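# Reading the structure
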Amino acid sequence: MRAFFFISLATFAAIAVAGLVPAQAETTRPLSAWEAALAKQQGALKPAASFNGVTDRNARSLALYAEAAKVITHPRCVNCHPVDNVPRQGAAMRVHNPPMTGALDGHGPAGQRCTTCHGAKNFEVGGDNIQSIPGNPKWALAPAKMAWQGKTPGEICRQIKDPARNGGKDLEALFHHMNEDELVGWGWNPGKGRAPAPGDQKTFGGLIRAWIDTGAACPA
């Protein structure tokens, strides 16, 4: 019989600081040039009111979604929506290290659950060489049917509107998820050394609300 063992989060972090565990614990540091360029490219998120001057309803809906897509396609979101049930890490969306899978329920296989290493909040330990392990009470991978890694904004748009592929949500439930869900909100509080998603959850939720109210149009 294969034996499994568990270690506490603090013990894991201490081991990581000693350099014995690889990329699972990412070193806190200033953003790299690549990450800074990505953050600049994404820019600040425009509020929904910025698009009130677009008089055509469908065109305004498309513009609102394009702005919201800056968040939806950001690594902070895509890393948890992989196509192969393997989480990604960092702005470069590297394959999770140590090797990990969401297993059947998105919470990891027996003996290696996500909560073995990921706690209810971001965890940092160390002096000048801080090791950071992301955390959230709802930490998990999105179900396979909700994967959108590698998809176009239009493909993602049609997917998140489809109850068969979005966890059974109608548009109102989708808005609630985007606007209030705490795991979605983690994207703006990812811990030191990680670029947050553009803007903030309130602004993002406002874009989703206005997009729905103007017909929830999807780009081709």
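What you see is a predicted model; the values in this text were computed from it and never measured. (Residues numbered from 1 in each chain as written. Predicted model: local features only at pLDDT ≥ 70, side-chain atom pairs only at ≥ 80, totals over all residues. Heavy atoms only, no water.)

## Remarks on the overall build of the protein
This is how it is decided: Secondary structure elements are defined from DSSP: runs of H or I of at least 4 residues count as helices, runs of E of at least 2 residues count as strands, and each element is numbered from the N terminus. Note on definitions: a residue-residue contact is assigned when non-hydrogen atoms from the two residues lie within 4.5 Å.
If you tally the helices and strands in the protein, you get eight helices and five strands. Taking contacts inside the protein between residues at least 6 apart in sequence as the whole, the part at least 24 apart equals 62%.

## Examining the pattern of salt bridges
Put simply, the rule reads: Should a side-chain nitrogen of Lys or Arg be within 4 Å of a carboxyl oxygen of Asp or Glu, the pair is scored as a salt bridge.
Within the structure shown, the criterion is met by seven salt bridges. The residue Asp 105 makes a salt bridge to Arg 113 at a minimum N-O spacing of 2.7 Å. As a salt-bridge pair, Asp 162 and Arg 165 come within 3.0 Å of each other at their nearest N and O atoms. In the salt-bridge network here, residues are joined through shared partners; they are Glu 172, Arg 209 and Asp 213.

## With respect to helix α3 (residues 57-72)
The cut-off we apply is this: Multiplying one less than the number of residues by 1.5 Å gives the expected span of a helix. Partly exposed describes any residue whose relative accessible area lies between the buried limit of under 20% and the exposed limit of over 50%, with all areas from a 1.4 Å probe on protein chains only and scaled to the type maximum. Within 3.5 Å is the distance limit for a polar contact, defined as a pair of N or O atoms, with the added protein rule that one can donate a hydrogen and the other accept it, and that residues adjacent in sequence qualify only through two side-chain atoms.
Compared with the 22 Å implied by 1.5 Å per residue over 16 residues, the 22 Å span of α3 between its first and last C-alpha is a close match. Inspection of α3 places Arg 60, Ser 61, Leu 64, Tyr 65, Glu 67, Ala 68, Ala 69, Val 71 and Ile 72 among the buried residues, and these make up the whole buried set. Where α3 begins, one side-chain oxygen reaches toward the backbone nitrogen of Asn 58, 3.2 Å away; that side chain belongs to Asp 56.

## So, the state of the cysteines
We apply this condition: Two cysteine sulfur atoms form a disulfide, by the criterion used here, when they sit within 2.5 Å.
If you walk through the whole model with that rule in mind, you get one disulfide. The disulfide partner of Cys 157 is Cys 218, and the gap between their sulfur atoms is 2.0 Å. Handedness here is read from the sign of the S-S torsion; for Cys 157 and Cys 218, about -80 degrees, the answer is left-handed. Taken together, the residues span a long stretch of sequence, with Cys 157 in helix α5 (residues 153-161) and Cys 218 in the segment after α8 (201-213) at a distance of 61 residues. Here Cys 157 falls in the buried class, since its relative accessible area comes to 0%. The class for Cys 218 is partly exposed, based on a relative accessible area of 22%.

## Quick look at helix α6 (residues 171-180)
What counts, and what does not: It is the directions from the helix axis to the C-beta atoms that the arc portrays.
By the burial criterion, the buried members of α6 are Leu 174, Phe 175 and Met 178. Viewed end-on, α6 has its buried residues packed into an arc of 100 degrees, placing them on one side of the element. The secondary structure elements touched by the buried residues of α6 are α3, α5, α7 (182-185) and α8. Its side-chain oxygen placed 3.2 Å from the backbone nitrogen of Glu 172, Asp 170 serves as the N-cap of α6.

## Some points on the side chain of Gln 201
Along the polypeptide, Gln 201 turns up in helix α8. Residue Gln 201 is classed as buried on the basis of its relative accessible area of 16%. Beyond its immediate stretch of four places on either side in the chain, Gln 201 contacts His 177, Met 178, Asn 179, Glu 180, Asp 181, Val 184, Gly 185 and Trp 188.

## Looking at the packing of α3 against α8
Cut-off, in case you're wondering: In this analysis an axis means a line fitted to C-alpha atoms, helices contributing only their contacting stretch, and an angle means the value between N-to-C directions, from 0 to 180 degrees. In these notes the angle categories are as follows: under 35 degrees is roughly parallel, over 145 is roughly antiparallel, 65 to 115 is roughly perpendicular, and the rest is oblique. Two helices cross in a left-handed way if the nearer one is turned anticlockwise from the farther one by less than a right angle. They cross in a right-handed way if the turn is clockwise. Under the grouping applied here, Gly and all other residues not named as nonpolar or charged are polar, the nonpolar ones being Ala, Val, Leu, Ile, Met, Phe, Trp, Tyr, Cys and Pro and the charged ones Asp, Glu, Lys and Arg.
In the contact formed by α3 and α8, the axes pass within 9 Å of each other and the chain directions differ by 150 degrees. Of the possible angle classes, the one that applies to α3 and α8 is roughly antiparallel. Pair α3 / α8 crosses with left-handed handedness. Of α8, the residues touching α3 (which contributes Arg 57, Ser 61, Leu 64, Tyr 65, Glu 67, Ala 68, Val 71 and Ile 72) are Phe 204, Leu 207, Ile 208, Ala 210, Trp 211 and Asp 213. Split by residue class, the contact of α3 with α8 holds 10 nonpolar, one polar and three charged.

## Brief notes about the environment of Gly 193
Take Gly 193: it is sitting in the loop between α7 and α8. When its relative accessible area of 14% is taken as the criterion, Gly 193 is described as buried. With 61 residues separating them along the chain, Gly 193 and Ser 132 place their C-alpha atoms 8.0 Å apart.

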